[in-house]
Amino acid sequence: MSDPLKVLILSAEMVPFAKTGGLADVTGALPKALARLGVDVRVVLPRYSRVDRERFKMTEVLSSFPVPMDDVFETVTILRSDAVPGVPVYFIDNDKFFNREGIYGYPDDGERFILYCRAALEMLRPLGWQPDVLHCNDWHTGIVPNWIKTIYKNDPFFARMATVFTIHNLQYQGLFGWRILEVAGIEEYGFLHHPQIGELADVVDLMARGIHFADVINTVSERYAQEILTPEYGEKLDPLLRDRKDRLFGILNGIDYDEMNPATDRYIARTYDVDHLDQRVENKLALQREAGLPVDASIPLIGMVSRLADQKGFDLLAACFDAMMDCLEVQFVLLGTGDQHYHNVFNEFARRYAGRVAIFLTFNAALAQKIYAGSDMFLMPSRFEPCGLGQMISLRYGSIPIVRHTGGLADTITDFDPRTGEGNGFSFQRYNQIDLYTAIVRAVENYKYTETWRTLQRRGMQADYSWNASARKYIDLYQRACEFHRQEFAAV
Ligand code: ADP
């Protein structure tokens, strides 16, 4: 038997250790699926202070280990946790950069993630583990493909490692000044230049570096891989992405079917499955109780669990919120945190529609599950959506998605047509409040037809959005990256 494929995944977030959004879900679930398929897969994360050493039974595998940074060395400790069965997870421990309350949002984020990436590579030799593929995710890891093609290219330990760069969200690019090149030890190579992207001559864009240097690039749905080639979705990097079009792929995320399972979910009031859908209503009643809304099974309950960011379509929702509440008999529950502006807007709605609208401006994994299990409809009117997990989780829990037809939402949700009976949700095309409102009205209308609604629920719950198929596609992608890398390596 040949050696298993060896893959190191670098990611800033991973369930169950640290999460702000879908990136954590993906890094939590994909490696487990890869391990089941025989890949030797390991993950490396920064150890933020919220990641508890005792709880995850971490052991020190490299103590006081010097990592080059700027023109000095920064000392880190490498910890290992085996809390995720079959997937060793390494942590970069360094008080100065990671002993903080949050994950991102600090003035020295550039330095923090450069140190994390450099330590993640530098630990490999002393650990005696030489991956075939470095799987990098989002801007936090964009420097890695850059290093492999520059400062590490003559080092036989690293030279054969292929790089895969996954774009989970092109909007967050990691923009820094020249100084970060010095911190990363690549100032002699200077800024990236692109004739159609003038900005790159004055700024270090870590996302752009990942795209430029990786052996292959992918996004988290096929549709988004196409969309980002256009100025509308390309976040100014579309010319660079078009140059690398033959290396750009799309693989739809899955969801973790062990974690996201209404039949075993420990957070919800009553477990259920597709054959016991009648039991589901108890979750709706429990959610109404918890949210302080009238407890009534017949009123359609619209749920949302989301980062409160422009991307997620909150401006559209705010624009049609009064119409929705004035013209339709619905209840609305939102769980989310993010932009202060939307905190204020939705607090005001909660006040205006007290007793019909409940707002939870916090991050709460348990309440999220209660909303998936207790809502009738799940709203995601995103402006853009690289993949989106909420709509897949809601399908699995029997809450019918109302989405804008974009990115991964377009790849997973087809609009319900009452004439043919086809479709698994409600979707609208244009980014426009009237179209969103119309989609909500259509959902509320169809909700009145109990049998139709049951059919929609069953369809969603029986569909397969697990990682099985997508993990195989990642293995193909890794192999493709190795092949591209070999060709390039042979050519020099
Ligand atoms: P994104 O990655 O853009 O934030 P996704 O739909 O891909 O959006 O993934 C969001 C994930 O984060 C889902 O698992 C969702 O349930 C979860 N989530 C988002 N906001 C919250 C919150 N306030 N509390 C708990 N879970 C949340």
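Computed from a predicted structure; not experimentally measured.

1. Structural notes on the side chain of His135
So, step 1. Locating His135 in the fold gives a position in strand S6 (residues 133-137).
So, step 2. The buried category is assigned to His135, whose relative accessible area is 2%.
So, step 3. Separated by 2.8 Å, the side chains of His135 and Tyr478 make a polar contact.
So, step 4. Sequence-distant contacts of His135, that is, excluding residues within four places in its chain, are made with Val7, Leu8, Ile9, Leu10, Leu30, Val164, Thr166, Tyr474 and Tyr478.

2. Thoughts on the sheet that holds strand S17 (residues 426-428)
So, step 1. With respect to topology, six strands assemble into an open sheet ordered S14-S13-S12-S15-S16-S17, the strand pairing being parallel. With partners counted over all chains shown, the strands left at the sheet margins are strand S14 (357-360) and S17, one partner each. Direction aside, the axes of adjacent strands within the sheet are offset by 15° on average.
So, step 2. The strands touched by helix H12 (residues 314-327) are strand S12 (301-308), strand S13 (331-338), S14, strand S15 (377-380) and S17; relative to S12, the strand with the most contacts, the crossing angle is about 155°.
So, step 3. Along the sheet face, helix H15 (residues 390-397) touches S15 and strand S16 (400-404) and points at about 175° away from the line of S15.

3. A look at the sheet that holds strand S11 (residues 248-250)
So, step 1. The nine strands are arranged S3-S4-S5-S2-S1-S6-S7-S10-S11 in an open sheet whose pairing can be described as mixed. The outermost strands of the open sheet, each flanked by one partner alone, are strand S3 (59-69) and S11. This sheet shows a mean twist of 25° between the axes of neighbouring strands, independent of strand direction.
So, step 2. The sheet contact formed by strand S1 (residues 6-10) and strand S2 (residues 40-46) spans five bridges and is parallel. Within S2, the residue paired with Lys6 across the bridge is Asp40.

Calculation rules
- Throughout, a residue's number is its position along its own chain's written sequence, starting from 1.
- Only residues with pLDDT of 70 or above have their local features reported here, since the model is predicted, and side-chain atom pairs are shown and tallied only from 80 upward, although totals for entire chains, interfaces and linings are computed over all residues.
- Excluding hydrogens and water, the side-chain values take into account all heavy atoms of the structure.
- Helix numbering and strand numbering both begin at the N terminus, where a helix is a DSSP run of H or I of at least 4 residues and a strand a DSSP run of E of at least 2.
- Residue exposure (1.4 Å probe, protein chains only): buried if accessible area is under 20% of the type maximum, exposed if over 50%, otherwise partly exposed.
- As used in this structure description, the phrase polar contact means that two N or O atoms lie within 3.5 Å; if the pair is within protein, one of them must be able to donate a hydrogen and the other to accept it, and residues adjacent in sequence are counted only when both atoms belong to side chains.
- Any two residues whose heavy atoms approach within 4.5 Å are treated as being in contact.
- For two strands to pair, DSSP has to find at least two bridges joining them.
- A fitted line through C-alpha atoms serves as each axis, taken over the contacting stretch for helices, and the angle formed by two N-to-C directions is quoted from 0 to 180°.

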